[in-house]
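Structural characterization, general
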Amino acid sequence: MEVKRNSFRDLNAYKESKVLVKMTYQLLKKFPSEEKYALCEQIRRAVISVTSNIAEGTGRISVREQMHFLEISYGSLMEVLSQMDIALDLGYIDSDDFCKIEQQCNNCASLISGLRSYLDRSLNSKH
């Protein structure tokens, strides 16, 4: 699996992160209107950051930079999970919704970590 510039649409990490975006946007419809510009907006920014940083990383020539953007993507993914955990505590989503989001976050996390590990091995094999 070689990571090429502009090939982000072919990456499973990107594809599954897009699924997460769709799931998240559907869940945000359940939130109360007073959260529209607060927690909802923060969650939207974080979930979009997951896919955006995967894409941006593939546009970088340096493997180290590609890895850096994957790390940002992973951090944004954890932010989404944290915010959804708070939404669960506040009663904005139910435990079934949270479990589905958590499962998709875990799936994305595995794929992003795997891609980062692949790049790390690629970097270390050059030295």
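1. Observations concerning helix α2 (residues 39–58)
Compared with an ideal rise of 1.5 Å per residue, which puts 20 residues at 28 Å, α2 spans 29 Å between its outermost C-alpha atoms and is within 8% of the ideal. Of all the bends in α2, the largest measures some 30° and sits at Ser 49.

2. A few points about the pattern of salt bridges
For side chains of opposite charge, pairing can occur when their charged atoms come near one another. For the coordinates displayed, the defined rule picks out 7 salt bridges. Glu 65 is paired through a salt bridge with Arg 60; the nearest N and O atoms lie 3.0 Å apart. Judged by relative accessible area, Glu 65 falls into the partly exposed class, the value being 34%. For Lys 100, the salt bridge is made with Asp 96, and the minimal N-O distance between the two is 3.4 Å. Taken as a pair, Lys 100 and Asp 96 lie in helix α4 (residues 95–125) at a separation of 4 residues, close to a single helical turn. Lys 100 sits in the partly exposed class, given a relative accessible area of 44%. Salt bridges linked by common partners bring Glu 41, Arg 44 and Arg 45 together as one network.

Rules behind the numbers
Residues numbered from 1 in each chain as written. Predicted model: local features only at pLDDT ≥ 70, side-chain atom pairs only at ≥ 80, totals over all residues. Heavy atoms only, no water. Helix = DSSP H or I, 4+ residues; strand = E, 2+ residues; numbered from the N terminus. Expected span 1.5 Å × (residues − 1). Bend = angle between axes of the 7 residues up to and from the residue. Salt bridge = Lys/Arg side-chain N within 4 Å of Asp/Glu carboxyl O. Buried < 20%, exposed > 50% of the residue type's maximum accessible area, 1.4 Å probe, protein only.

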